[in-house]
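Listed below are the residues making up each chain.
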Amino acid sequence: MFSFFKKKTVTPDVPPAAPAGVAPTLAPLSPPPVAPSAPAPTEPAAPFAFDVETAPRPEPKQSWMSRLKAGLSKTSANLSVLFVGARIDDELYDELEAALLMSDAGIDATEYLLEALKRKVKDDKLLDAAAVKVALKSLMIDLLRPLEKPFVLGRHQPTVMMISGVNGAGKTTTIGKLAKHMQAHGQSVLLAAGDTFRAAAREQLMIWGQRNNVTVISQESGDPAAVSYDAVQSGKAKGTNVVMIDTAGRLPTQLHLMNELQKIKRVIGKGMDEAPHETLLVIDGNTGQNALTQVKAFDDALQLTGLIITKLDGTAKGGVLAAIARVRPVPVYFIGIGEQIEDLQPFDAEEFVEALLG
Ligand SMILES: Nc1nc2c(ncn2[C@@H]2O[C@H](COP(=O)(O)OP(=O)(O)OP(=O)(O)O)[C@@H](O)[C@H]2O)c(=O)[nH]1
């Protein structure tokens, strides 16, 4: 058993002791230092650790942190400038309120943070703007920390993951990255091309599967629930470690398509008790407050176990994580900042706030 988790919580060489019955939490997400030999499908993979800073990458690639900072630079510039030589007065709070709203934090999280900050400034008798910024950082970390959750594999054989989201959110790209990470750490992976609407999407996944030596279950036309069921059966028969089920993009307002997702989930459950073990929503980080609408709708329909937020390298503002934390705190397993495999990393609240408020 292993989990994808932030690096700070682990000692790479010595796996932390886990309480009885609980999966050990290790940090991952990069090729392991030595090329692994894939174990027999049913063997659990050896635990592995991931360190963003030391992971090998071609020069002159920037570190994960500097790229995350660059991705969130719009918001961080707007927030940071407020504290430069500022007086602690209503004007500062007003500007901060505007900057948080602009960052997509939404009204609830913005009001919560402002109230908490004012209280802290008073209680701790803070006198200069730099100290207020530090206080805001710590409040944001506290707000976002409940969204951190290790992504554990190995509790089930196979672990079945269902991946949903609106069109173009980055579902298929994310599945590809995750599959590669998992393979690199000795996990056997099977994909289901559950997007039976778009032939191109199916073909994209098939070609990708051939290139990367990953079996893809697909049907030319047909019922995505049936494809998903077949994939689970195949995964069980082959002793595959992970079955990932891609689904067609859809809007939460397309009720018949949301009903279809519920059906896919039910049918997966018929293929294997307790499956899908992970019901994930992929969100484009540039969607702003609409991301919150998506989380609510998909969570209501599917009871999500986690989120993956992509494209935080574009025009993303980042504040939407605060809105999610306040309004619908579904765990954020991973965040993505680009199209390369190492551009998807476990969500780390402290790292994220550091990039946002630096
Ligand atoms: N910049 C950037 N682009 C990304 C990221 N993740 C995915 N993309 C791009 O977003 C586009 C859409 O990605 P897909 O994986 O096809 O999205 P999808 O959700 O499967 O799309 P549908 O099948 O149409 O629903 C592609 O061009 C990806 O390369 C990211 O983190 N950053």
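Residues numbered from 1 in each chain as written. Predicted model: local features only at pLDDT ≥ 70, side-chain atom pairs only at ≥ 80, totals over all residues.

One open sheet holds the 8 strands; their spatial order is 5-4-6-3-7-8-9-10, and the pairing between them is mixed. Strands with a single pairing partner mark the edges of an open sheet, and in this sheet they are strand 5 (215-217) and strand 10 (344-346). When the angles between neighbouring strand axes are averaged without regard to direction, this sheet yields 25 degrees. Across 3 bridges, strand 4 (residues 189-194) lies against strand 5 in parallel orientation. What sits directly across from Ala-192, in strand 5, is Ile-217. Running over the sheet, helix 10 (residues 290-302) touches strand 3 (159-164), strand 7 (278-284) and strand 8 (306-310) and is turned about 160 degrees from strand 7. (Pairing = 2+ DSSP bridges. Helix = DSSP H or I, 4+ residues; strand = E, 2+ residues; numbered from the N terminus. Axes fitted to C-alpha atoms, helices over the stretch in contact; angles between N-to-C directions. Contact = placed C-beta atoms within 7 Å.)

Compared with the 22 Å implied by 1.5 Å per residue over 16 residues, the 22 Å span of helix 5 (residues 129-144) between its first and last C-alpha is a close match. Every buried residue belonging to helix 5 is among Val-132, Lys-133, Leu-136, Leu-139, Met-140, Leu-143 and Leu-144, and all of these are buried. Looking down the long axis of helix 5, one finds its buried residues gathered within 125 degrees of arc, a one-sided arrangement. Contact partners of the buried residues in helix 5: helix 4 (106-123), helix 11 (320-327) and helix 12 (349-357). (Expected span 1.5 Å × (residues − 1). Buried ≥ 20, exposed ≤ 12 C-beta atoms within 10 Å, placed from the backbone. Arc of directions from axis to C-beta.)

The next subject is the domain arrangement of the chain. Interfaces are often sized by the amount of accessible area the parts lose when they come together. Along its sequence, the chain is carved into domain 1 (67-146) and domain 2 (155-347). Relative to domain 2, the C-alpha centre of domain 1 lies at a distance of 33 Å. Secondary-structure elements contributing two or more residues to the side of domain 1 that touches domain 2 are helix 1 (64-71), helix 2 (73-80), helix 4 and helix 5. Among the elements that line the side of domain 1 that touches domain 2, the one with the most residues is helix 4, at 4 residues. Partitioning the side of domain 1 that touches domain 2 into residue classes produces 10 nonpolar, 4 polar and 4 charged. (Domains from an automatic or database assignment. Nonpolar A, V, L, I, M, F, W, Y, C, P; charged D, E, K, R; others polar.)

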